Every structure is written in structure tokens, then in C-alpha cells.
Amino acid sequence: MADNPKKKGRDRELVSEQEHEVAYLMKAAKVTRQKALGAIREAGPSREKVMQYLGKK
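Here's what I pulled together on the structure shown here. Quick caveat, the model's predicted, so the values are computed rather than measured.

So, on to the pattern of salt bridges. Any two side chains of opposite charge can pair, given that their charged atoms come close. Using the criterion set out here, one finds 2 salt bridges in the structure. Where Glu17 meets Arg41, a salt bridge forms, and the shortest distance between an N and an O atom there is 3.2 Å. Residue Glu17 is found in the segment before α1 (19–29), and its partner Arg41 is found in helix α2 (residues 33–43); the two are separated by 24 residues along the sequence. A relative accessible area of 55% means that Arg41 is categorised as exposed. The residue Glu19 makes a salt bridge to Arg33 at a minimum N-O spacing of 3.1 Å. Linking Glu19 in helix α1 with Arg33 in helix α2, this pair joins segments that are 14 residues apart in sequence. When its relative accessible area of 35% is taken as the criterion, Arg33 is described as partly exposed.

Next up, the structure:
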């Protein structure tokens, strides 16, 4: 993942376990930290797949 969270491009399509990305998932999907981390681990690094796994979007 990029060091700069404002970086655009392919990096925006991916999600990691970095704190700011987990916080975003928690807010966007209205889930707990544990569920957000579990979704990343189960669905992989694709932001779209993580949101589908969480039943959003």
C-alpha cells in the first residue's frame, strides 16, 4: 500500500490492514473493527470484494 493515503490510481482499488483504511471500512460499512479486519483477510485486497463480503454496495 502507498504511504500517502491521498494517492490516486490502482491503490484506491485496494485495501490493507493499515489503521486509516480499517477505520474507513468501519465507517463506510458500519461494522466493528474485527469484522472489517476479517473481511479484508477473507475477501482479499480488493476494496470492491471486501464491500461485497460485508454486504454493502
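At a minimum axis separation of 9 Å, α1 and α2 run at an interaxial angle of 110 degrees. Between α1 and α2, the interaxial angle falls into the category roughly perpendicular. When α1 is examined against α2, the residues Glu19, Val22, Leu25 and Met26 are found in contact with a partner set consisting of Arg33, Ala36, Leu37 and Ile40. Residue classes in the contact of α1 with α2 are distributed as 6 nonpolar, no polar and 2 charged.

Thresholds, definitions, all that
- Residues numbered from 1 in each chain as written.
- Predicted model: local features only at pLDDT ≥ 70, side-chain atom pairs only at ≥ 80, totals over all residues.
- Heavy atoms only, no water.
- Salt bridge = Lys/Arg side-chain N within 4 Å of Asp/Glu carboxyl O.
- Helix = DSSP H or I, 4+ residues; strand = E, 2+ residues; numbered from the N terminus.
- Buried < 20%, exposed > 50% of the residue type's maximum accessible area, 1.4 Å probe, protein only.
- Axes fitted to C-alpha atoms, helices over the stretch in contact; angles between N-to-C directions.
- Parallel < 35°, antiparallel > 145°, perpendicular 65-115°, else oblique.
- Contact = heavy atoms within 4.5 Å.
- Nonpolar A, V, L, I, M, F, W, Y, C, P; charged D, E, K, R; others polar.

These figures capture arrangement, not role.
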